[in-house]
Amino acid sequence: MTLRLVLSLLLPPVLLLPLPLPFLIFLPPLNATWPNRKVVDLQGNITLGALMMVHERHSDVVCGPIMPQGGVQALEAMLYTLDYINNHQGEFIKGVKIGAVVLDDCDTDTYGLEQAVEFIKGSISNIQGGGEYRCSDGSEPEVRQEVVAGVVGAASSVTSVQVANLLRLFKIPQVSYFSTSPELSNKVRFEYFSRTIPSDQHQARAMVGLVTRLGWSYISIIYEESNYGIKAYEELEGLLLAHHICIAVKEKLVKDSGVADESAYDLIVQRLLTKTRARGVIIFGSDQEVAGVMRAVRRNNATGTFTWIGSDGWSARTLVSSGNEAEVEGTLSVQPQANPVTGFDTYFLNLTVENNPRNPWFVEYWEDHFSCRHPSGSPTPYNQHLHPCTGTERLTPANTQFEAQLQFVSDAVMAFGYALRDMHRDVCGGQPGLCPAMTPVDGEQLLYYLRRVLFVGLSGDQFKFDAQGDGPARYNIIHFKQVEEGDYQWIRVGQYVEGELQLNMSALQFHGGVSTPPASVCSLPCSPGQARQTVEGESCCWHCYSCTGYQVVNSADPTKCITCDWGTLPNPTHTTCKPIPEVYIRPDSWWAIGAMIFSSLGIILTSLVVMVFVRHNSTPMVRASGRELSYVLLSGIFLCYAMTFVFVLKPTALVCGVQRFGLGFCFAVVYSALLTKTNRIARIFNAGKRTAKRPSFISPRSQLCLCFCAVAVQVVVSGVWCVVRPPKAIHHYIQREDNFLVCAASINASYMIAFAYPIGLITTCTIYAVLTRKIPEAFNESRHIGVTMYTTCIIWLAFVPIYFSTANNVELRITTTSVTVSLSATVALVCLFTPKLYILLLHPERNVRQSMMLSQKYSTIKSSISMSSQRVDSWTQSEVVFPLDYYLHERLRSRSIRGKLSTCTQTSTPSHCPLSDHPPSSCLTLHPSMSPVHRLSNGPLQDVPDVQL
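Anyway, here's the lowdown on the structure attached to this text. Keep in mind it's a predicted model, so treat the numbers as computed, not measured.

Turning to the sheet that holds strand β5 (residues 174–176), a few remarks are in order. Pairing is mixed in the open sheet, where six strands are placed in the order β1-β3-β2-β4-β5-β6. Because the sheet does not close on itself, it has two edges, and the strands there are β1 (40–42) and β6 (193–195). Each neighbouring strand pair of the sheet contributes to a mean axis angle of 20°, computed without reference to strand direction. Here two bridges tie strand β4 (residues 148–152) to β5, and the two strands are oriented parallel to one another. From the neighbouring strand, valine 152 faces β5, where its bridge partner is valine 175. Helix α5 (residues 157–169) contacts β2 (46–52), β4, β5 and β6 of the sheet and is inclined by roughly 165° relative to β5.

As a further point, take the pattern of salt bridges. This structure, assessed with the given rule, holds 20 salt bridges. Two residues, arginine 295 and glutamate 262, come together in a salt bridge whose shortest N-O distance is 3.2 Å. Of this pair, arginine 295 sits in helix α9 (residues 287–299) while glutamate 262 sits in helix α8 (residues 262–273), placing them 33 residues apart in sequence. Classification of arginine 295 by relative accessible area gives partly exposed; the value is 29%. Judged by relative accessible area, which is 31%, glutamate 262 ranks as partly exposed. Ionic pairing is found between lysine 650 and glutamate 582, a salt bridge with its closest N-O pair at 3.8 Å. Residue lysine 650 is located in the loop between α18 (627–647) and α19 (653–690), and its partner glutamate 582 is located in the loop between β24 (577–579) and α16 (590–615); the two are separated by 68 residues in the primary sequence. The class of lysine 650 is partly exposed, set by a relative accessible area of 40%. A single salt-bridge network, built from bridges that share partners, covers Glu262, Asp266, Arg295 and Arg299.

Bringing the environment of valine 670 into the picture now. Along the polypeptide, valine 670 turns up in helix α19. Assessed through its relative accessible area of 3%, valine 670 is described here as buried. When the C-alpha atoms of valine 670 and isoleucine 762 are compared, they prove to be 9.5 Å apart, with 92 residues separating the residues in sequence. In this view, valine 670 contacts Leu633, Gly636, Ile637 and Cys640; residues no more than four positions away in its chain are not counted.

On to the sheet that holds strand β17 (residues 487–497). Read from one edge to the other, the open sheet built from eight strands follows the order β8-β7-β9-β10-β11-β16-β17-β18, with strand pairing classed as mixed. Only two strands of the sheet have a single neighbouring strand rather than two, namely β8 (246–253) and β18 (500–503). On average, each strand axis in the sheet is inclined to that of its neighbour by 25°, with strand direction left out of account. Two strands pair when backbone bridges link them, and strand β9 (residues 280–284) and strand β10 (residues 307–310) are joined in this way by four bridges, in the parallel orientation. Paired with valine 281 across the two strands is tryptophan 308, which belongs to β10. Helix α7 (residues 227–242) contacts β7 (218–224), β8 and β9 of the sheet and is inclined by roughly 160° relative to β7. Against the sheet, α8 makes contact with β7, β8 and β10, and its axis sits at roughly 175° relative to β8, the strand it touches most.

This next bit is on a nonpolar patch on the surface. Together, Ile597, Leu601, Ile604, Leu605, Leu608 and Met611 make up a nonpolar patch on the protein surface, roughly 600 Å² of accessible area in all. Here methionine 611 lies in helix α16.

Here we come to the nonpolar core. Met52, Met78 and Phe362 are the most contacted members of the largest nonpolar core, which has 73 residues in total. With 12 residues, the single largest contributor to this core is helix α14 (residues 406–427). Not counting residues within four places of it along the chain, the set of residues in contact with methionine 78 comprises Gly49, Ala50, Met52, Ala100, Val102, Val152, Val409 and Val413. Listed in part, the 61 residues of the second largest apolar core include Leu634, Phe740, Leu761 and Ile839.

Counted by the stated rule, this structure contains 30 aromatic pairs. Judged by centre distance (5.1 Å) and plane angle (50°), the rings of tyrosine 228 and phenylalanine 284 are tilted. You can see tyrosine 228 sitting in helix α7 and its partner phenylalanine 284 sitting in strand β9, a full 56 residues away along the chain. Grouping residues by exposure puts tyrosine 228 and phenylalanine 284 together as buried. Ring centres 5.7 Å apart and planes at 10° place the aromatic pair phenylalanine 480 and tyrosine 488 in the stacked group. Taking the relative accessible area as the measure of exposure, phenylalanine 480 reaches 3% and is therefore buried. In textbook terms, an aromatic cluster arises when at least three aromatic residues are bridged by ring pairs, as seen for Tyr80, Phe344, Tyr347, Phe348, Phe362, Tyr365, Trp366, Phe370 and Phe402. Across the ring face of tyrosine 584, the terminal group of arginine 586 is positioned such that the distance to the ring centre comes to 4.1 Å. A cation over an aromatic ring shows up here: arginine 736 above the ring of tyrosine 550, its NZ or CZ 4.7 Å from the ring centre.

Conventions used here
Sequence order sets the numbering: in each chain, residues are counted from 1 along the sequence as written. With the structure being a predicted model, the display of local features is reserved for residues of pLDDT at least 70 and the display and counting of side-chain atom pairs for 80 or more, all residues being used for whole-chain, interface and lining totals. Note that water and hydrogens are dropped before the side-chain values are worked out from all heavy atoms of the structure. Two strands qualify as a pair provided that DSSP identifies no fewer than 2 bridges between them. Strands here are runs of E lasting at least two residues and helices are runs of H or I lasting at least four, both read from the DSSP assignment and numbered beginning at the N terminus. Axis lines are fitted through C-alpha atoms, for helices just across the contact stretch, and the angle between N-to-C directions can take any value from 0 to 180 degrees. Every residue pair with non-hydrogen atoms within 4.5 Å of one another is taken to be in contact. Here, a salt bridge means any side-chain nitrogen of Lys or Arg that lies within 4 Å of a carboxyl oxygen of Asp or Glu. Only protein chains enter the area calculation, which uses a 1.4 Å probe; residues under 20% of their type maximum are buried, those over 50% are exposed, and those in between are partly exposed. A patch consists of residues whose relative accessible area exceeds 30% and which take part in no salt bridge; residues with like charges are grouped when within 9 Å of each other, and nonpolar side chains (Val, Leu, Ile, Met, Phe, Trp, Tyr) when within 5 Å. Each accessible area value is a Shrake-Rupley result obtained with a 1.4 Å probe; residue values ignore everything except the protein chains displayed when judging cover. The set of buried Ala, Val, Leu, Ile, Met, Phe, Trp, Tyr and Cys residues whose side-chain atoms join them within 4.5 Å is what this entry labels a nonpolar core. Any two of the Phe, Tyr and Trp rings considered here, Trp counted by its six-membered ring, make a pair once their centres fall within 6.5 Å; the pair's planes then place it as stacked at under 30 degrees, edge-to-face at over 60, or tilted in between. Charges are assigned to positions over rings by a cutoff of 6 Å between ring centre and Lys NZ or Arg CZ, combined with an angular limit of 35 degrees from the ring normal.

Put into structure tokens, the structure is as follows:
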């Protein structure tokens with residue numbers, strides 16, 4: 001590879017001219033008189049190169065004025081550290097002195113790249129077959145070029161990027177002390193680049209932490225037009241967005257494209273003033289450009305308007321704060337944590353132009369520092385107007401302000417010193433002097449040892465590179481404030497270490513002596529219950545509007561109001577939705593207490609009736625009442641009363657299931673028993689009209705089977721209903737303010753499924769009651785059943801409109817339902833059992849077999865049919881005997897007698913008389929107008945009445 005090819009790949013297009021190689025190597029300066037090309041050349045066994053930012057940039061000449069702190073002081077810190085290493089060879093390499101070649105890059109990337117070519121000359125001369133020139137005798141010329149083992153610098157990130165690309169080709173390790181661009185952490189592109197200062201990625205996080213701690217949400221950003229500023233801005237933009245902090249104004253400072261004039265800075269300040277609510281401003285730039293901003297702030301009468309968050313490139317620099325104290329006041333800055341280099345202050349303050357000849361730029365520093373022209377100084381554009389120095393000028397702590405980050409310069413030199421020591425120990429076995437294996441130093445090997453150094457530097461801090469070759473992420477938070485009248489100082493007020501920010505808020509003081517940070521927000525927070533409507537296309541600027549009605553502010557998106565769900569209402573501040581208390585009938589409410597008292601009385605009365613019936617279980621009255629069905633009926637009545645206690649329980653799936661099943665089941669039991677009774681009566685009397693044959697299924701066992709079959713239908717219906725639609729408790733919202741906890745079946749007509757079959761039973765019972773209404777007085781239980789059914793129908797016809805009209809009152813609806821059920825049971829209990837209890841308890845003398853018949857009408861019948869006593873007795877063996885079975889027997893017998901009398905009349909033969917025990921003379925002719933019985937004369941049946949239905 002030739003040098004021409006290397007430079008064609010690396011140098012800017014403006015330098016790519018078809019020039020001969022010697023001319024490319026020894027490029028003349030752009031300005032023949034300024035700057036004078038100078039170099040610090042310290043001889044040694046191993047040579048380190050260095051690029052220092054000795055001069056500022058300038059638009060008219062290659063280099064501007066001297067840079068006191070970041071330039072000359074940084075250079076002297078390097079020389080001071082080299083002296084320490086060379087004076088302590090026992091700690092480093094015995095018999096080996098480390099020299100240096102220090103060049104000035106004037107804070108310009110192109111000029112810095114041009115200067116860095118000096119560092120690769122020695123490497124180029126060692127490339128085999130790379131020579132293009134021969135002496136006249138055919139031999140190669142003997143050109144001595146020192147091989148640079150490593151390079152310290154550059155200071156600027158943009159210059160370091162350019163130089164790193166060049167040095168990488170020749171495997172020369174580079175350690176920067178001020179370059180903080182995150183781009184340089186990419187080891188694929190910048191394999192041989194390292195730095196003792198941490199990456200700006202951490203600095204940006206610390207800055208955002210400061211903005212958050214100050215309570216700012218609306219800020220502006222100024223960043224320089226360089227790799228340093230652009231990469232930092234990209235990092236800041238993402239972090240600010242993640243913390244919901246808006247950028248009001250973003251402006252660039254001219255850097256790479258030249259030097260801006262004062263009007264450009266005025267324009268930047270004027271744009272900042274268009275967003276007066278953005279009082280906080282982050283400035284990510286270098287001292288020269290930021291100083292121009294501060295001067296523009298003063299010219300535009302904006303002093304005290306803004307509070308600055310500064311980067312390490314300009315804060316704590318005299319170039320910015322000197323003469324601009326009022327404009328810089330209140331600044332909070334993030335500076336990589338650095339401690340003073342031990343002994344350097346004394347060393348530097350003892351320097352003079354006379355005792356420091358190795359630094360060719362120190363005379364310019366002296367002239368700039370004391371504003372005088374030194375006799376040994378060369379003419380420069382900046383010392384022509386100065387008066388001569390008196391010779392008595394001396395550097396003192398009072399007139400000298402030191403760069404706060406010189407530790408990173410010293411650590412960079414120390415890192416090379418310890419890496420060379422470790423490499424010498426392994427390669428040369430620790431013998432004094434350099435062995436052939438380290439002549440020259442292999443850059444790839446040196447990089448290996450360099451990345452693994454661990455030492456305590458001259459500042460007293462331990463140092464090691466991280467995985468990306470960067471320095472430890474440690475920062476100081478410094479604050480520029482007026483400690484006394486006219487005395488402004490940078491004060492340490494906190495630190496940022498490994499992602500943790502610590503800030504002493506009580507130590508802060510802003511413009512005018514105010515300790516409270518100025519507000520930097522576009523819009524004040526909305527009051528509770530108010531949502532934000534963004535304006536101007538900025539998420540940090542908004543108008544506030546109140547959420548109304550049943551709305552609250554959306555916690556996930558405060559720009560919207562959302563409506564509360566049913567069952568919840570906004571709290572008084574409309575910030576959250578609060579659940580509405582559940583409304584359901586409670587056992588301690590007066591509604592429930594009244595219903596339970598009524599049901600309890602019913603249960604007590606039902607229990608008393610059962611006790612009376614059990615006690616008189618075998619008496620004619622109980623037997624004549626159909627005791628088996630009576631007990632079933634009483635059980636159903638008891639269940640009806642018990643349902644009230646289920647209704648007053650808090651609705652759950654189990655409670656709702658019991659309600660759905662029990663409501664239909666208790667009615668099915670009651671009205672199945674009543675239907676069995678009325679059906680039996682109707683069938684008996686209908687059979688008595690048509691035939692002499694006894695009806696089927698009228699025995700007690702048959703009646704119980706029929707009743708249970710009727711109840712089983714309801715059980716099946718309820719079971720299928722529960723399977724198809726399982727019971728559950730739900731919240732029912734009739735209005736926004738309601739939250740009724742009810743059973744799902746109770747809010748619509750679903751309960752009709754439970755009532756459908758009992759309603760059919762009630763209807764059938766009522767029809768039977770109408771059909772049997774003319775049964776003789778002795779059989780008036782059918783009339784009692786009729787009264788029961790008529791009253792029940794009236795109750796339920798009245799209940800339906802009441803039930804649906806009480807939908808807004810859960811307690812009233814449930815109470816109405818339970819009372820209606822209990823009232824239906826009460827009607828059945830009173831109408832059917834009161835007459836029986838009357839006889840059983842008050843007139844026990846009537847609880848006999850004879851009293852079950854009508855006393856006058858049937859006494860003659862009974863005596864006249866004594867001949868059929870055996871047949872009657874067989875009928876009366878039934879559990880249900882009087883008066884119904886007896887009437888049925890006599891009615892059928894009467895029909896049989898009439899038929900036989902008719903036969904007797906027709907034949908007029910005594911032998912054909914059906915009453916064979918009477919003499920034939922008793923068989924008389926019957927008159928057609930008389931009933932067959934009355935037409936009997938002188939016979940035992942002449943007084944038998946004609947029993948009518």
